[in-house]
Amino acid sequence: MEALPLRIRPTADQAIVWANDRLYLLDQRILPNETVYIELQSATDTARAIRDMVVRGAPAIGITAAFGVVLAARASYRAAPDNWRDRMTEELQRLADSRPTAVNLFWALERMQRVMGGIGDGNPEPRLLQEAQLIHREDVAANRAMGEHGASLIGSKTSVITHCNAGALATGGYGTALGVIRSAHAAGRIEMVYADETRPWLQGSRLTAWELAQDRIPVTLLTDGAAASRMAQGGIDWIIVGSDRIAANGDVANKIGTYNLALAARYHGVKVMVAAPTSTIDMTLKSGTAIPIESRDPHEVLHCGGQRVGAPGVAAWNPVFDVTPAALVDAIVTEKGIVLSPDRQKMAELMAL
Ligand SMILES: CSC[C@@H](O)[C@@H](O)C(=O)COP(=O)(O)O
């Protein structure tokens, strides 16, 4: 992976850039202090960038992996024009192994592999690039649609709490949860967005706050532990979050701490909205207990800002997602429409549309 100057203005909507036949990612590990693009030269680089959190957020991981397939096809075709498909197997596996929870990764890889299956003789790159760019564009369109659907649920002007970063940075652009917030803000229905800081990677304080501040949407940071107290004070009508995988019964996997928020929200009469494209819904899993939850290095919890914060010798448990049962979710908002009080039947009806 190489850090390269790219002559575009770095914005949250330009986190994944395909330009001059190259793939660039805005390095989300060092935002908001530095805005640096990294050029990825291979699918192996791409898999590493996903694993190491250069790019993160379920839809963004899927889009990036799709471009990774293009890079894999380029290298394979150059090395073995008659046998490019077989030579890609290892790189495809590396992409699939990069992170386990966001189903968008596997959804995008399967879609690219379907396209690979239909390619005849000649260079596969143009057709695969076309598909990756379509996946990217479709995601932005889905976010715009979700924004409108989700905003329609927000009645009078209110404050909301969001968790992690489900914004333009986490998607192809505009965002899922932040897409709803952007649309609701444009309609004059957002008083204040409270962004949980989201330990240990601080996606809330580093990324969500950066995105919202750039768009001049009022934002206030909360430590993760302060959210319930803020709800208790009143004036919060909705928790709005994204998701990495939604099971067939409407159980929702999202950033660790989402479950805590949903429990506190129910106690305080605050409603919970999950905004996610249908590419995040995994109808093969009956319930949230089957969702693979990524565990990351305890080092991430034991350190903060480059300093050790855990007492010497202490261990840390670091699951990076949790599952919120469907019973605690008031609305799942997708590009196809809204599911209120989700259950198995309503999810199946949505997916049949
Ligand atoms: C639109 S993104 C939805 C989720 O992917 C997001 O809320 C989240 O949990 C991201 O986790 P991350 O570990 O930063 O990839």
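Please read these numbers as outputs of a predicted model, since none were measured by experiment.

Q: Let's hear about the site of the ligand: which residues, and what values?
A: Around the ligand sit 19 residues, and of these Arg56, Arg99, Gln203, Asn254 and Lys255 come closest. Side-chain polar atom of arginine 99 to an oxygen atom of the ligand: 2.8 Å apart, as the coordinates give it. A distance of 2.7 Å separates an oxygen atom of the ligand from a polar side-chain atom of lysine 255. Contact with the protein chains removes 100% of the 410 Å² of surface that the ligand exposes when unbound. For the shell around the ligand, the secondary structure elements donating two or more residues are helix H2 (58-79) and strand E10 (252-255).

Q: Describe the sheet that holds strand E6 (residues 190-196), and please don't skip the residues or the numbers.
A: Here seven strands make up an open sheet; going across it, the order is E7-E6-E5-E8-E11-E16-E17 and the pairing mixed. Edge positions in the sheet fall to strand E7 (219-222) and strand E17 (338-340), since each has one partner strand and no second. On average, each strand axis in the sheet is inclined to that of its neighbour by 25°, with strand direction left out of account. With four bridges joining them, strand E8 (residues 236-241) and strand E11 (residues 271-275) adopt parallel strand pairing. Bridging across to E11, tryptophan 238 finds its partner in lysine 271. Across the sheet, helix H10 (residues 258-268) lies against strand E5 (158-162), E6, E8 and E11, angled at about 160° from E8, the strand it touches most.

Q: Any chance you could break down the UniProt feature "binding site: substrate" (unreviewed entry) in the protein for me, citing the residues and the numbers?
A: On the UniProt side, "binding site: substrate" (unreviewed entry) is annotated at positions that read Arg56, Gly57, Ala58, Arg99, Gln203, Asn254 and Lys255 here. As for its placement among the helices and strands, glycine 57 is situated in the loop between helix H1 (43-51) and H2. Of the residues examined, glycine 57 reaches a relative accessible area of 11% and is grouped as buried. Classification of asparagine 254 by relative accessible area gives buried; the value is 5%. When near neighbours in sequence (up to four residues on either side) are disregarded, asparagine 254 contacts Val241, Gly242, Ser243, Asp244, Val320, Phe321 and Asp322. At 3.0 Å, the side chain of asparagine 254 forms a polar contact with the side chain of threonine 258.

Q: Now, about the packing of aromatic side chains: what can you tell me, with residues and values included?
A: Any aromatic ring pair is given by two values, namely how distant the centres are and how the planes are angled relative to each other. Evaluated as defined, the whole model comprises one aromatic pair. Centroid distance tryptophan 18 to phenylalanine 67: 5.4 Å. Interplanar angle 15°. Geometry classified as stacked. Separated by 49 residues along the polypeptide, tryptophan 18 in strand E2 (residues 16-19) and phenylalanine 67 in helix H2 bring together distant segments of the chain. We classify tryptophan 18 as buried; its relative accessible area is 16%. For phenylalanine 67, a relative accessible area of 1% puts it in the buried group. Between the NZ or CZ atom of arginine 144 and the centre of the ring of tyrosine 174, over which it lies, the distance is 4.0 Å. Seen from the ring of phenylalanine 321, lysine 255 lies directly overhead, with NZ or CZ sitting 4.3 Å from the centre.

Q: An account of the domain arrangement of the protein is requested, with residue identities and associated values reported.
A: Splitting the protein by domain gives domain 1 (2-139) and domain 2 (147-352). When each unit is reduced to the centre of its C-alpha atoms, the spacing between domain 1 and domain 2 is 25 Å. Taken together, the contact pairs 32 residues of domain 1 with 32 residues of domain 2. A combined buried area of about 2,500 Å² lies between domain 1 and domain 2, and 55% of that area is made up of carbon and sulfur atoms. Considering only the surface of domain 1 that becomes buried against domain 2, Ala12, Arg56 and Thr101 emerge as the three largest contributors, covering 24% of it. Taken together, domain 1 and domain 2 are joined by one salt bridge.

Q: Which residues make up the UniProt feature "active site" (unreviewed entry) in the protein, and what are the values?
A: Per the UniProt entry, the sites bearing "active site" (unreviewed entry) are Asp244 in this numbering. Within the element layout of this structure, aspartate 244 appears in the loop between E8 and strand E9 (245-247). Setting aside residues no more than four positions away along its own chain, aspartate 244 makes contact with Ala58, Thr101, Ala102, Val103, Asn104, Ala253, Asn254, Lys255, Thr280 and Phe321.

Q: Lay out the confidence of the model for the protein with the relevant residues and their values.
A: Here the protein averages 97 in pLDDT, while 98% of its residues score no lower than 70. Across the interfaces of the predicted complex, the ipTM metric reaches 0.99, alongside a pTM of 0.97.

Q: Lay out the pairing of E11 with the relevant residues and their values.
A: Burial analysis of E11 places four of its five residues in the buried class, which makes it a mostly covered element. Pairing of E11 with strand E16 (residues 331-333), which is carried by three bridges, proceeds in the parallel orientation. Looking across to E16, one finds that valine 274 is bridged to isoleucine 332.

Q: Residue-level account of the environment of alanine 145, with values.
A: With respect to the helices and strands, alanine 145 occurs in helix H6 (residues 125-153). Distance from alanine 145 to alanine 15, taken between C-alpha atoms, is 20 Å for residues 130 residues apart in sequence.

Q: Lay out the pattern of salt bridges with the relevant residues and their values.
A: Taken as a whole and assessed by the stated rule, the structure comprises 16 salt bridges. Between arginine 74 and glutamate 125 there is a salt bridge, and its shortest N-O distance comes to 2.7 Å. Residue arginine 74 is found in helix H2, and its partner glutamate 125 is found in helix H6; the two are separated by 51 residues along the sequence. In this structure, glutamate 131 engages arginine 111 in a salt bridge whose closest nitrogen and oxygen atoms are separated by 2.8 Å. Separated by 20 residues along the polypeptide, glutamate 131 in helix H6 and arginine 111 in helix H5 (residues 103-117) bring together distant segments of the chain. Assessed through its relative accessible area of 8%, glutamate 131 is described here as buried. Since its relative accessible area comes to 12%, arginine 111 is described here as buried. Via salt bridges that share partners, Arg99, Glu294, Arg296 and Glu300 belong to a single interconnected network.

Each value, and the rule that gives it
- For every chain, the first residue of the written sequence is number 1, and numbering continues from 1 onward in sequence order.
- Given that the model is predicted, a residue must reach a pLDDT of at least 70 before its local features are reported, and side-chain atom pairs must reach 80 or more before they are shown or counted; all residues, however, enter totals for whole chains, interfaces and linings.
- Just so you know, side-chain values use all the structure's heavy atoms and leave hydrogens and water out.
- Being near a molecule or strand, for a residue, means having at least one of its heavy atoms within 4 Å of it.
- Counting of polar contacts relies on pairs of N or O atoms within 3.5 Å, with two restrictions inside protein: one atom must be capable of donating a hydrogen and the other of accepting it, and residues adjacent in sequence are counted only when both atoms are side-chain atoms.
- To measure how exposed things are, a 1.4 Å probe is used in the Shrake-Rupley method; for residues, cover is taken only from the protein chains shown.
- Secondary structure elements follow DSSP: runs of H or I no shorter than four residues count as helices, runs of E no shorter than two count as strands, and numbering proceeds from the N terminus.
- A pair of strands counts as paired when DSSP detects no fewer than two bridges linking them.
- Where helices are involved, their axes are fitted lines through C-alpha atoms of the stretch in contact, as for all axes, and angles between N-to-C directions lie from 0 to 180°.
- Residue contacts are defined here by distance: any two heavy atoms, one from each residue, within 4.5 Å place the two residues in contact.
- UniProt positions are given in the numbering used here, feature names are shortened, and annotations may be inferred rather than shown by experiment.
- Type-normalised accessible area, obtained with a 1.4 Å probe on protein chains alone, sets the label of each residue: buried when under 20%, exposed when over 50%, and partly exposed for intermediate values.
- Working definition: rings of Phe, Tyr and Trp (its six-membered ring) pair if their centres are within 6.5 Å, and the pair is stacked with planes under 30 degrees apart, edge-to-face with planes over 60 apart, and tilted otherwise.
- Over a ring means this: the NZ of a Lys or the CZ of an Arg is within 6 Å of the ring centre and within 35 degrees of the ring normal.
- Where each domain starts and ends comes from a domain assignment, either automatic or drawn from a database.
- Two parts placed together each lose some accessible area under a 1.4 Å probe, and adding up what both lose gives the buried area.
- Just to be clear on terms, a salt bridge is a Lys or Arg side-chain nitrogen sitting within 4 Å of an Asp or Glu carboxyl oxygen.
- Per-residue confidence from the predictor is reported as pLDDT, which spans 0 to 100.

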